[in-house]
Structure formats: structure tokens, C-alpha cells
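# Remarks on the overall topology
The chain contents come next:
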Amino acid sequence: MSEPRYKRVVLKISGEGLCSPGNSGIDGRQLLKLAEEIKLVTDLGVQVCVVVGGGNIVRGSAIAKDSPIEESTGHYMGMLATVVNALAVQDTLESIGVPTRVQSALSIESVCEKFIRRRAIRHLEKGRTVIFAAGTGNPFVTTDTGAALRAAEVRADVLLKATKVDGVYTSDPVKDPTATRIESLSFQDVIERRLEIMDVSAFDLCQRSGIPIIVLDLWKTGNMSAIVRGEGIGTVIGAG
Ligand code: UDP
């Protein structure tokens, strides 16, 4: 088998990816499917970081709306939700033999490590999948920004943005049957076309750090590992 194209990847998965379609909470089958897709990548000898969102449990701005909860508190609740998800992903990965560590941007020392960049890199070098929880540790941003930040900090080769569709389309493929998938885009193309791939801050960080983003369908069996090998289906942004 050919050498993987990427040696160190950061996978960003939204909290929605951990629950069954249309529901909230955490679904064991979704977790297992996610873990199996990650294992296909780690089996290639590729170092994997996972950044999990928390939208299946709490989104800060939504929970604070029309409520006595202050918006900042809502965001901290959202960050804690990502820790809940990270622990679920950790146990699931370990149940199929993938060694892991969870590192959180907020200190919760009895359940996981605090994020320490050099220690995270050491874990990766030892073959452990590192799950980054609590986003950036700061309110008013999202885990997309957390993923871009961690990708830059650990000098990842690529940021894999998992979605339900297999890339970026010329228009919404759900509404427009003539929509076609775009193979690749430059960072500038994305800005000019006003495509909403990730938060502006996340996108900007990837552009400045020269980290390409690949938008992919994580749920298509074997697709993520194929992408890491330089094959597979997705839209590549900012490569070369
Ligand atoms: N959040 C935050 N700071 C961060 C990351 C997340 O305040 O650095 C909060 C924010 O309220 C967000 C929630 O955590 O809505 C859950 O994260 P996100 O919306 O990114 O989850 P996803 O949509 O990816 O499931």
C-alpha cells in the first residue's frame, strides 16, 4: 500500500455526528461507526487528533436565548458538553483497541488531562489518538476555531472537516439537483465565493498556518482513510 499523504491529521466532528439523525444526546452505534472510521486511519500509522463539538447537547447562544442563563455561561456549558462527548469517543475508541488521551482546554483534572501542546505531540508520537475537548477554552467561539487552533499548534498536515455531505457543492445539493461537487478550491476562492466552510476565525487560522482543509463525508465507509491516502471523495481547500 502507498504511503499516506498526510502523517498527522486533525478531525473535526460536530456533536450532531454522535447522535442518531434528528435526535440529540449520544448514540452508541454512531460512536462505534465513528471509532471504526478513525481506526482505519490510525491503522495506516497516521497520527490522529479528534476535536469534538457539543451541539448535540448544548450550544451556548441557543441555551442562553430567552433564558436567565447568561450567554457566557451558555458557552461554558457548551464547552463542558464537548468534554462529555470526548469521554464517549475515548471509551469507544479504546473498546476497539485504539489508545487515546483526552486533553481539555478547561481543567477537569479528575477526568482528563489539561491541554499541553508538547504533551499532546508526545502522545501522538507514541501512537495515541488525542481527543481535544472544551474547544479553545474561551466563550463566544466554536469548536471549529478550536480545531483550527489545535491543528496549527500540533502542526497538523490537514484539518478534516466531517460533514454529512461529501464535499462543497456549487449550490445546496438538497435543494438543487444540478448542484455539482467541487474537487478543490483555494482559500481565496472560498472568500470570494462567500462559501461558509467553517467559522471565519477557523478559516483564517488555517489559511495563515497553511493547513489545508478537506470537507468530507465521514459516514461513507472507508472514505476518510482513503482521503488520508490521497484518494477518496471530498473537497480540498488550500492545498498547494
Ligand atoms: N464553545 C465555546 N468555545 C469554544 C468551543 C465551543 O464557547 O472554544 C461553546 C459554544 O457555545 C458552542 C458549544 O460550545 O456552541 C458547542 O460547540 P460547537 O457549537 O462548536 O459544537 P458543534 O456544532 O461542532 O457540535
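Residues numbered from 1 in each chain as written. Predicted model: local features only at pLDDT ≥ 70, side-chain atom pairs only at ≥ 80, totals over all residues. Heavy atoms only, no water.

## Remarks on the side chain of Thr 136
As a reminder of what qualifies: Numbering of helices and strands runs from the N terminus; a helix is a DSSP stretch of H or I covering at least four residues, while a strand is a stretch of E covering at least two. Residue exposure (1.4 Å probe, protein chains only): buried if accessible area is under 20% of the type maximum, exposed if over 50%, otherwise partly exposed. Whenever two N or O atoms come within 3.5 Å, that pair is a polar contact, provided that in protein one can donate a hydrogen and the other can accept it, and provided that, for residues adjacent in sequence, both atoms are side-chain atoms. Residues are treated as being in contact if the distance between any of their heavy atoms lies within 4.5 Å.
Along the chain, Thr 136 falls in the loop between β5 (129–133) and α5 (143–153). Since its relative accessible area comes to 15%, Thr 136 is described here as buried. Polar contacts involving the side chain of Thr 136 include one to the main-chain amide nitrogen of Asn 138, which spans 3.0 Å. Sequence-distant contacts of Thr 136, defined by excluding residues within four places in its chain, comprise Ala 105, Val 141, Thr 145, Gly 146 and Leu 149.

## Here we look at the environment of Met 224
Counting through the fold element by element, Met 224 comes out in helix α8 (residues 223–228). Sequence-wise, Met 224 and Gly 234 are ten residues apart; in three dimensions their C-alpha atoms are separated by 9.0 Å. Met 224 has contacts with Leu 11, Glu 37, Ile 38, Val 41, Leu 160, Leu 216 and Leu 218, leaving out every residue within four places of it along the chain.

## Quick word on the site of the ligand
Defined as follows: The cutoff for a nearby residue is simple: one of its non-hydrogen atoms must lie within 4 Å of the molecule or strand. Per-residue and other accessible areas follow the Shrake-Rupley method at a 1.4 Å probe size, with only the shown protein chains counted as cover for residues.
With respect to spatial proximity, 21 residues lie near the ligand, and among them Gly 15, His 75, Thr 136, Asn 138 and Thr 143 are the closest. Here Lys 12 contributes a side-chain N or O atom positioned 2.9 Å from an oxygen atom of the ligand. For the ligand, the protein covers 95% of the area, taking 520 Å² as the surface of the free molecule. Considering each element in turn, the shell around the ligand owes the most residues, three residues, to helix α3 (residues 71–95).

## Side note on the pattern of salt bridges
Rules: Here a salt bridge means any side-chain nitrogen of Lys or Arg lying within 4 Å of a carboxyl oxygen belonging to Asp or Glu.
This model, assessed by the stated rule, comprises 14 salt bridges. One salt bridge connects Glu 37 with Lys 33, and the closest N-O pair in it is separated by 2.9 Å. Of this pair, Glu 37 and Lys 33 both sit in helix α1 (residues 28–42), four residues apart, which is roughly one turn of that helix. With a closest N to O distance of 3.3 Å, Asp 144 and Lys 161 form a salt bridge. Residue Asp 144 is located in helix α5, and its partner Lys 161 is located in strand β6 (residues 158–163); the two are separated by 17 residues in the primary sequence. Per residue, the accessibility class of Asp 144 equals that of Lys 161, and both read buried.

## Here's the deal with unusual backbone geometry
Non-glycine residue Phe 140 carries a positive phi angle of around 75 degrees. Note that Phe 140 resides in the loop between β5 and α5. You will see that Arg 194, though not glycine, has its phi angle at about 55 degrees, which is positive.

## Observations regarding the sheet that holds strand β10 (residues 213–217)
Rule in force here: Should DSSP find at least two bridges between two strands, the strands are regarded as paired. Interaxial angles span 0 to 180 degrees and are taken between N-to-C directions of axes, which are lines fitted to C-alpha atoms, for helices over the stretch in contact.
Taken together, nine strands build an open sheet; the order of strands is β4-β3-β5-β2-β1-β6-β10-β11-β9 and the sheet is mixed. A single partner strand is all that each edge strand has here, and the edge strands are β4 (113–114) and β9 (184–185). Taken together, the four bridges between β10 and strand β11 (residues 234–237) define a ladder with antiparallel strand orientation. Bridge pairing in β11 places Leu 216 opposite Gly 234. Along the sheet, α5 contacts β1 (8–13), β2 (47–52), β5 and β6; its crossing angle with β1, the most-contacted strand, is approximately 175 degrees.

## Some points on the packing of aromatic side chains
Basically, it comes down to this: Centres within 6.5 Å are what make two rings of Phe, Tyr or Trp a pair, Trp counting through its six-membered ring; a difference in plane orientation under 30 degrees is then read as stacked, over 60 as edge-to-face, and the rest as tilted.
If you walk through the whole model with that rule in mind, you get two aromatic pairs. Seen in terms of ring centroids, Phe 115 and Phe 132 are 5.5 Å apart; in terms of plane orientation they differ by 80 degrees. Their pairing is edge-to-face. In this pair, Phe 115 is assigned in the loop between β4 and α4 (117–125) and Phe 132 in strand β5, connecting sequence segments 17 residues apart. Phe 132 gets classed as buried once you look at its relative accessible area, which sits at 2%. With centroids separated by 5.3 Å and ring planes inclined at 75 degrees, the aromatic side chains of Phe 187 and Phe 203 adopt a geometry described as edge-to-face. Taken together, the positions of Phe 187 in helix α6 (residues 187–192) and Phe 203 in helix α7 (residues 200–209) put the pair 16 residues apart, joining distant regions of the chain. Overall, the relative accessible area of 8% leaves Phe 203 in the buried class.

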